[in-house]
Structures are given as C-alpha cells and as structure tokens.
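Read off the chains here:
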Amino acid sequence: MKVDGFSQQIEQLYSQIEEILECDGTKPNSQQEIITEAFEELNTIMEELLTASEELKVTRVAVEKERQRYQDLFEFAPDGYLVTNTDGTIQEANNVAATLLGVQQKYLVGKPLILFIAQQDRQSFSCQINNLQEILNWEIHLQPRGGMSFPASVKASVVYDFDGKQLGWRWVVCNITERKQAEEMLHQAYSELEIRVVERTAELVKANQKLLNEIIERKRVESKLLHLAFHDALTGLANRVAFMNRLTHAINYSKRHSDYLYAVLFIDLDRFKVINDSLGHLNGDQLLLEIASRLEICVRSIDTAARLGGDEFTILLEGIHHVSDAITVAERIQQELALPIELEGQEVFITASIGIALSSTVDYQHPEELLRDADTAMYRAKMLGRARYELFNSDMYANALARLRLETDLRRAIERQEFQVYYQPIVSLTSGSILGFEALLRWEHPERGLLNPADFIPLAEETGLIFSIGKWAFHEACRQMQAWRVYHRSNLLEKISINLSVKQFSQPDLIEQIGQILHSTGLDAGSLMLEITENAIVENGDKVTTAIFQLREMGIELSIDDFGTGYFSLGGLYNFPISVLKIDRSFISTMATNSKNLEIIEIIVTLAHKLGVDVLAEGVETKEQLVLLRKLNCKYSQGHFFSVPLNSSAAEALIMQNPQW
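What counts and how
Residues numbered from 1 in each chain as written. Predicted model: local features only at pLDDT ≥ 70, side-chain atom pairs only at ≥ 80, totals over all residues. Heavy atoms only, no water. Helix = DSSP H or I, 4+ residues; strand = E, 2+ residues; numbered from the N terminus. Buried < 20%, exposed > 50% of the residue type's maximum accessible area, 1.4 Å probe, protein only. Contact = heavy atoms within 4.5 Å. Areas by Shrake-Rupley, 256 points an atom, 1.4 Å probe, with all protein chains shown as cover. Pairing = 2+ DSSP bridges. Axes fitted to C-alpha atoms, helices over the stretch in contact; angles between N-to-C directions. Polar contact = N/O pair within 3.5 Å; in protein donor to acceptor, adjacent residues only side chain to side chain. Phe/Tyr/Trp six-rings, centres within 6.5 Å; stacked < 30°, edge-to-face > 60°. Salt bridge = Lys/Arg side-chain N within 4 Å of Asp/Glu carboxyl O.

## As for the overall build of the protein chain
- Within the protein chain one finds 21 helices and 21 strands.
- Counting all 661 residues of the protein chain, 41% fall into the buried class.
- At a minimum sequence separation of 6, the contacts of the protein chain that also span at least 24 residues come to 61%.
- Summing over all exposed atoms, the protein chain offers an accessible surface of approximately 37100 Å²; the carbon and sulfur share of this is 53%.

## So, the side chain of N276
- With respect to the helices and strands, the residue N276 is situated in helix α8 (residues 272-279).
- If we skip the residues at most four places from it in the chain, N276 touches H281 and G284.

## Some remarks on α8
- Turning to α8, its buried residues are F272, V274, I275 and N276.
- Residue G280 follows α8 closely and has a positive phi angle near 100°.

## Let's talk about the sheet that holds strand β1 (residues 80-85)
- Taken in spatial order, the 5 strands of this open sheet run β2-β1-β5-β4-β3, and their pairing is antiparallel. Sheet topology places β2 (90-93) and β3 (136-142) at the edges, where each strand pairs with a single neighbour. Here the average twist between neighbouring strands, direction ignored, is 30°.
- In terms of strand pairing, β1 meets strand β5 (residues 166-175) through 6 bridges, oriented antiparallel. Counted as the bridge partner of T84 is W169 from β5.
- Together, β3 and β5 form the strand contacts of helix α5 (residues 122-130), whose direction differs from that of β3 by roughly 155°.
- Packed on one face of the sheet, helix α6 (residues 177-230) meets β3, β4 (150-160) and β5 and runs near 130° to β4.

## Details of the environment of A238
- The topology assignment puts A238 in the loop between α6 and α7 (240-256).
- On the basis of relative accessibility, which here comes to 12%, the residue A238 falls in the buried class.
- C-alpha separation for the pair A238 and I315, spaced 77 residues apart in sequence, amounts to 9.7 Å.
- Contacts of A238, omitting those with residues within four sequence positions, involve F230, H231, D232, T304, A305, A306 and R307.

## Topic: unusual backbone geometry
- Even without glycine at this site, R271 takes up a positive phi of about 55°.
- With respect to the element layout, R271 can be found in the loop between β6 (261-270) and α8.
- Even without glycine at this site, A387 takes up a positive phi of about 50°.
- Here A387 shows up in the loop between α11 (367-383) and β12 (389-391).
- We classify A387 as partly exposed; its relative accessible area is 40%.

## As for the side chain of D232
- For D232, the position within the fold is in the loop between α6 and α7.
- Looking at D232, the relative accessible area reads 14%, which means it is buried.
- There is a polar contact of 3.2 Å between the side chain of D232 and the side chain of R307.
- Once you skip the residues sitting within four places of it in the chain, D232 turns out to touch L237, A238, N239 and R307.

## Considering the packing of aromatic side chains
- Within this structure, the stated rule accounts for 12 aromatic pairs.
- Between the aromatic rings of W138 and W171, the centroid separation amounts to 6.2 Å while the plane-to-plane angle is 80°, which identifies the pairing as edge-to-face. Separated by 33 residues along the polypeptide, W138 in strand β3 and W171 in strand β5 bring together distant segments of the chain. The burial state of W138 is the same as that of W171; both residues are buried.
- When the ring of Y423 is compared with that of F437, the centres are 6.3 Å apart and the planes differ by 80°; the resulting orientation is edge-to-face.

## Section: the pattern of salt bridges
- A full pass over the atoms with the stated rule returns 25 salt bridges.
- Here R218 makes a salt bridge to E222, at a shortest N to O gap of 3.0 Å. Here E222 and R218 lie together in helix α6, a separation of 4 residues that amounts to about one turn.
- Take R218: its relative accessible area is 57%, and that puts it in the exposed class.
- Overall, the relative accessible area of 39% leaves E222 in the partly exposed class.
- A cluster of three or more residues bridged by salt bridges with shared partners is formed by E139, R179, K180 and E183.

Shown next, in the form of structure tokens:
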C-alpha cells in the first residue's frame, strides 16, 4: 500500500472515532471516561503512526533519488556495466554494455554472458567464473553480435545478499582495442627502437673502431713526429735538439757529482762538398748514412751520436775516466772513416776533422758553450791540415774570442768604410812597362793598423760578409781603373786584375752583378781579368764552369791564381777558357837555387804556350829572377821587385812615372 493511501485511511478512522464519542455522550461517565481514554490513546498512537508515515514518505523519496542516481550512473557510465546471476545469465546491462555486445539493451537481459565471449577465451572465462571469489581483473576477447571480436578489460566482483549468500556477479567491461593498438604500436616502436639501437650500436662500434684506428694512427703519427723532433730525418741519429737535451743533462749531473767526466766531439767531414757535387746529392745522402752507421759503431750505448746538419756530426761521451777515452774514440772514428765507401760501384774515401771539448777544461754552465768549444777545436784541426783531431784548450778560447771581436770589427768596418783597395803593378816582360794592376783589398783597422786579406778574408767568407765586401772592392777597382784609363790615355793601361773567392762564386746573381758594375763604372769588359784559384774550380764543379763560360762570353778574361798548388788537372786546363796562368810565388822564390823548381816553371810556361795561354809569375823579388823568367819566355810578372801594393794615390804617381824594367 502506498503511503498516501495509508494516511487517508488513518484520517477516516480518526473521523469515525470522533463520531462515536459524540454519540455516546449520554452514556455513564465511568464508561465514558474509559472509552475517552482509550480513544485518546488511540489518537496518540494514530498521531505517532501518521508521523512515522510522514517520515517513511520522506525516506522513500530519498531512496528513490538514490536509486535514480545509481540508475543514471549505471546507464551513463563510460564503461559497460553488467549484472549476472550465479549461472552467468545477464540480469542488468547498461547502454554501453549493450553497444559493446552489439545487442539492444532490452534484448540483452536474460542472455548468457558466455555467448558474447570469443570462442578462444570461453574455456578460460568459465574457469575464471568457477574460481571467482573476489575482485579480479583480466583481459578477454568479446564477440559482439554480428561484429568482429575485440580485446576487452574485464573487472568482476561477487554479489552477496545480507546473509552472505552469493547472488551473482557484477561486471565492468571496457573496450581496450585502442589501448591494444597503442600497445602494439608501442611494441612495434620498441622493436624498431631495438633494431635502431642494434643498428646504432653497430654504427657506434664501427665509429668506435674507426676512432680507435684514428687514435692508433694519431699515436703513430705523434710517435713519428716525436721521433722526428729528436732525430735526424736522413740518418736516424739524434738531432741538435736531442743532443742539446742530453748535453744539458750531463752538465747538470756533473754539478751534483764532481768526479763525473764527459766530452763532446765535433766532427766535420773534409771536402764533402766536392763529393756531393761530383756524385750528386743522392749519393751524398748515402755517404752521410754510411758515416752515421760507422759513428754508431764507435760509441757505447750510453753515448749519443747526433747529426747537427749538413756534414757536421757530434758525439757526447758520458761517464769517461780520462781524456784518453775521448782520444781513443776520435782515433777509432778516423780508422772507420779511412775504410773505402762504395757509391754506385765507385770507391770513395773521406776524412774528418774532429774537435774535442772536455768537461774538465772549463766550468761549463750551458750546452752551447761545450758545442762552441768543440767546434773551435774542430776548426783548429781543419786549419792544421784536416783529417785529424784537436783538443780544446784555453788558447783556442782566446783565439775564438779574438775571432769574435774581429768579426764584430769587420761588420763595423763595412759601415765605417775602413776598407781600401791597394794596387800592385803587373809588368809586361816584353816591353818592361806597366800593363795593369792587381787589385788587393786592405783593411785599415783602427787599432791593429793595415791588415792583409789573409787576416780577415777567411772570416769574411765564413760569416758571409765577403759578399758585401767583395762587391764594394770590385766596384771600387773597376771605377779606379776606368778613371786611370780616361786620365792617362798615353800609358795604355790594359788590365785590372781582381780576385774572386770561392764563396763569391756561390752567388746566384754573380754574372748580373758584374755586368751592372761594368755598366755603372763604364769599364770595358776586355779590361777586366778575374783571378780564381784551382781549388775554387775543383770544389764548385759545374756551378763555376757555367759561370766561367758566361764571363768569357761577356769578354772578361780569366786567370788561374796560385797555379801548381791545387788539384787542377791538365784536362781541366785544356777545357776551360783561361787566358793567364799565375805561377805561385813558392816556385819563383827558389827558382834561382832550386833547379827542380826552375824546370817546373819551364814546363808550365811551355805547356801554357802550347795551349795558347799566357803566363804571369808572381812574387818576383830579385833581378836574377826577372832575368830567368825572361829567358823562359814568361810574358808577365809582378812582385816587390817592381813595387809593393800601393794605395790609389801612390799607384797613380807610379803610372805618371812610367818606369821601365
């Protein structure tokens, strides 16, 4: 019965009771009172009942609201909701569940849920239902009516009554196709990523191997560069840097150990340039390789053999006991170098000049000092004839200082114009008159007075100052000769003879330079005679030969100076365009007392005439020498008998005198 109908019946009953009370008003009071009390109690009960009825009405309204809210949630939930009994028959289903299963909602109730389970998952579904005792989540494939199966996420829980008896199951079903697709895509992406990782790993392994190879190559190159930094590229010996490092170490060690003795050997090959130019640079390199090999044989493992450059080598002997140890090594080197060296089937012999500097000689502080002193001793060995060794001493140091001061003065002399050209007359033995002059360089040193070329020319050649000095002297001699020829036309001066050193021939612009000087001074090329030594021709080879022929084509005459003291062959004399042979003064000075020298002079004169070359005898000092030379048909002569070298003013006075001999 509805609450509203029940309330109406109570009100009707209440009205009936009131009517009875009004009708029974005439009855006795006692009975009337009892009835009245009864009805009053009944009235109270009825009021309470009406109140309870009202409360029940309110409660039912609230329950209806909750039921409606639950129904709304059930119907409009995003997932499918189902309720089944214990047999698995669907009792309730929301709209989403009906949509998922492909059946209208009203037809879905009463259907077994297993009908909508994909065939492959039905056995698993039955097994899960039989064992279901609590909330369970799993995935299963649903088969909607007339559609394709799809994966679904299923959450199931048991429904109990108030007595704990199982009534059925609640099901929450969600289509996870998109999630599965996403998972599949993720899995595929992961697989592709794995493949990419494998590929990238392979690339990284390859790149790592390449990098490893590059590192190995770089280390190899670094090792090679390090080796090149401290070793000579040609011979493989230590280079200057490595040698100086070892020498620095030896100096520092000797400071801590007073009894420690060491020595430096400075080795310079004699006449290497001749071999290098004549046999070619490749053979020259082979020669240096052989020299390096022989030097290594002569030293111990604790010693250091190095190539400083060119044909210069050094050896550091460490921990020796006496100076004799260094001398023994020097002699052993000389013996090794004395053995022939075969180059292109030709035996070559080489010697070396060796300078030795001992650590006990001077309190050395820097490696350059030892190298300098060993070099000084080597230079002394060369000056004394080569193919020997010399020990450095304090006198050599003093001489080295003197040479250094001389070099400084020499450089200043160029700036201060301290050089002068002196002139020694060349006399025609046919006419007895002055034919020309030989230009001789002199240095008016502010402290040492007038210096001859022998005092400073070797140093000028060594330092390269010979180029500027020689150019100045050449220009001055040509200028002076042209001035005399113009002013003293009656004297018919024919030649000015100028010396060219070996170093000057190494100038690449020598021919051009001489041409410019002749042009600027106005001197005719035919009035110029250049003097070169035999050794200059031999040691410079093709370079000098080419220059000589170029000079001859210009009309310049050439003479061989100091003939008979060098290594010039007769074949060379025949092939060169030589105009004059100058017989060295060593033959002239003893010709009157030494018959052999007289015979040599006679042979030279005869040979020269056969070749169409004139002969000039230098160093004539006596009348007797002059007479003998005339008998031998020597054409020209010069020497103190005629005149000492004169400055330009004295030479001009001699020209004016026009002496006859």
